[in-house]
Amino acid sequence: MTSLLILSRRFMFATVNIKNNRRLTLFQGKGLSRTYYASLKVPALHQKLWLLSLCQRTFHKCCGDRGLFGGGRGSAQTQQTLEDVAKSIRERECKRIVVMAGAGISTPSGIPDFRSPGSGLYDNLQQYDLPYAEAIFEINYFHHNPKPFFALAKELYPGNYQPNLTHYFIRLLHDKGQLLRMYTQNIDGLERMAGIPAKMLVEAHGTFATATCTVCRRDYKGEELHNDIMAGTVPNCPHCKGIIKPDIVFFGEELPQHFFLYLTDFPMADLLIVMGTSLEVEPFASLAGAVRGSVPRLLINRDLVGPFAWGPPRNNDVAELGDVVGGVKKLAEALGWMPELEALMAAQGQQVSAIPSRCTGL
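This text gives an overview of the structure that appears in the document. (Residues numbered from 1 in each chain as written. Predicted model: local features only at pLDDT ≥ 70, side-chain atom pairs only at ≥ 80, totals over all residues. Heavy atoms only, no water.)

1. A look at unusual backbone geometry
- Look at the link from glutamate 282 to proline 283: it is a cis peptide, with omega at 5 degrees.
- Looking at where proline 283 falls in the secondary structure, it is placed in the loop between strand 11 (271–275) and strand 12 (297–301).
- Despite not being glycine, lysine 241 shows a phi value in the positive range, around 70 degrees.
- Mapping lysine 241 onto the fold places it in the loop between helix 7 (226–230) and strand 10 (244–248).
- Despite not being glycine, leucine 279 has its phi angle at roughly 50 degrees, a positive value.
- You can see leucine 279 is positioned in the loop between strand 11 and strand 12. (Helix = DSSP H or I, 4+ residues; strand = E, 2+ residues; numbered from the N terminus.)

See below:
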């Protein structure tokens, strides 16, 4: 177990404990506590980033902007705007852009997100007779009963939906040589369908593009499962009869090794764009705090989330709140890229549209 002790002027103490690689409990002040659950097993080395983010959040709530020993921080620097970010991209001052994205970038394509009350996937899983909604993505429950997951997989399977303007904007960043990497929580494959190469993607919660037998560990291509999944059948390995599971990362499973590219990507980044995510699932959420303090961060989202909501104010943080597609379109217009974006989408048979979207997700 890893523990940290945080002292503040407002509370007697705040401690952070992490147990069993998944459960983190935050205690603060007179016996109050809150428990956080990570979606994945996190190696000890990478718990530090997660703990640091949560400690920063706790400290900011305890001490505000006064600093540990009181006194204001103050800043004479001018607050940046969306136009400033666009200028930096247009003039190629930003050539190592990291994008973090969640389910909110895919809702305009018709895919429901996970957490929106009333319409999110977790609120609409009663038909699968689950003990609780999150069980559909828990590895132990999958081994007990894989049918609910494969029923959901039939709905989410790549090819059922098409990329939208947001995906193609990120593709355009890549085409212009300014995308360092895209970190996505989504498992819908729309980034690949938009033409973003696999090497430019970190699919933090896995992918349908590949699959693995849960018994003999034989590798399969995602398309080999297509017919079974579309037929509502649980795919079985022809060699050992084990269940073939798409390489989606379940609660209780290890992160894909590709995820740890953040150790080099985020220190190199010269701009971070965060879009369509609630920044609630760790350790993905903590990546928003992994860039250098001098690096601008642009949030395109329905609400303020993560360090944009609870962190100390930064003059180089920019928040474009509202519809995600509308926010991305506004950025593209500020860049003067709309003709190129429209041409790219037309070549892919897509129509430019600013469909309202729910902007939070995994």
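From this point on, the discussion continues.
2. A word on helix 5 (residues 165–175)
- The buried fraction of helix 5 amounts to 9 of the 11 residues, a majority that puts the element mostly inside the structure.
- Among the residues of helix 5, those classed as buried are Leu165, Thr166, His167, Tyr168, Phe169, Ile170, Arg171, Leu172 and Leu173.
- One side-chain oxygen of the residue at the start of helix 5 lies 2.9 Å from the amide nitrogen of threonine 166, identifying that residue as asparagine 164. (Buried < 20%, exposed > 50% of the residue type's maximum accessible area, 1.4 Å probe, protein only. Polar contact = N/O pair within 3.5 Å; in protein donor to acceptor, adjacent residues only side chain to side chain.)

3. A few points about the packing of aromatic side chains
- Under the criterion given, the structure shown has 13 aromatic pairs.
- Their ring planes at 80 degrees and their centres at 5.8 Å tell us that phenylalanine 142 and phenylalanine 149 sit as a pair that is edge-to-face.
- Accessibility expressed as a relative area gives 1% for phenylalanine 142, which makes it buried.
- Plain terms: the ring middles of tyrosine 183 and phenylalanine 266 are 5.1 Å apart, the flat faces sit at 70 degrees to each other, and that makes the pair edge-to-face. Taken as a pair, tyrosine 183 in strand 6 (residues 179–184) and phenylalanine 266 in helix 8 (residues 262–268) lie far apart in primary sequence, 83 residues in all. Considered together, tyrosine 183 and phenylalanine 266 belong to a single accessibility category, that of buried residues.
- Members of the aromatic cluster, joined through ring pairs, are Phe137, Phe142, Phe149, Phe150 and Phe250.
- In this arrangement the basic side chain of lysine 176 is found over the ring face of tryptophan 337, its NZ or CZ atom lying 4.8 Å from the centre.
- Directly above the ring of phenylalanine 308 sits arginine 297, whose terminal nitrogen or CZ lies 5.2 Å from the centroid. (Phe/Tyr/Trp six-rings, centres within 6.5 Å; stacked < 30°, edge-to-face > 60°. Lys NZ or Arg CZ within 6 Å of the ring centre and 35° of its normal.)

4. A short note on the sheet that holds strand 10
- Read from one edge to the other, the open sheet built from 3 strands follows the order 9-8-10, with strand pairing classed as antiparallel. Whereas interior strands pair on both sides, the edge strands pair on one side only; in this sheet they are strand 9 (219–221) and strand 10. On average, each strand axis in the sheet is inclined to that of its neighbour by 40 degrees, with strand direction left out of account.
- Pairing between strand 8 (residues 206–213) and strand 10: 4 bridges, direction antiparallel. Opposite threonine 212, over in strand 10, you have lysine 245 as the bridge partner. (Pairing = 2+ DSSP bridges. Axes fitted to C-alpha atoms, helices over the stretch in contact; angles between N-to-C directions.)

5. Some points on the pattern of salt bridges
- By the definition in use, this model includes 10 salt bridges.
- The closest approach of N and O atoms between lysine 87 and glutamate 91, which form a salt bridge, is 3.2 Å.
- A relative accessible area of 43% means that glutamate 91 is categorised as partly exposed.
- The salt bridge involving arginine 192 is made with glutamate 203; its shortest N-O contact spans 2.8 Å. In this pair, arginine 192 is assigned in helix 6 (residues 190–193) and glutamate 203 in strand 7 (residues 201–203), connecting sequence segments 11 residues apart.
- Look at arginine 192 and you get partly exposed, because its relative accessible area is 34%.
- Take glutamate 203: its relative accessible area is 12%, and that puts it in the buried class. (Salt bridge = Lys/Arg side-chain N within 4 Å of Asp/Glu carboxyl O.)

6. With respect to a positive patch on the surface
- Together, Arg92, Lys95, Arg96 and Arg292 line one region of the surface with positive charge.
- In this fold, arginine 92 is placed in the loop between helix 2 (82–90) and strand 5 (97–101). (Patch = residues over 30% accessible without salt bridge, like charges linked within 9 Å, V, L, I, M, F, W, Y side chains within 5 Å. Areas by Shrake-Rupley, 256 points an atom, 1.4 Å probe, with all protein chains shown as cover. Lys, Arg positive; Asp, Glu negative; His and termini not counted. Charge placed at Lys NZ, Arg CZ, Asp CG, Glu CD.)

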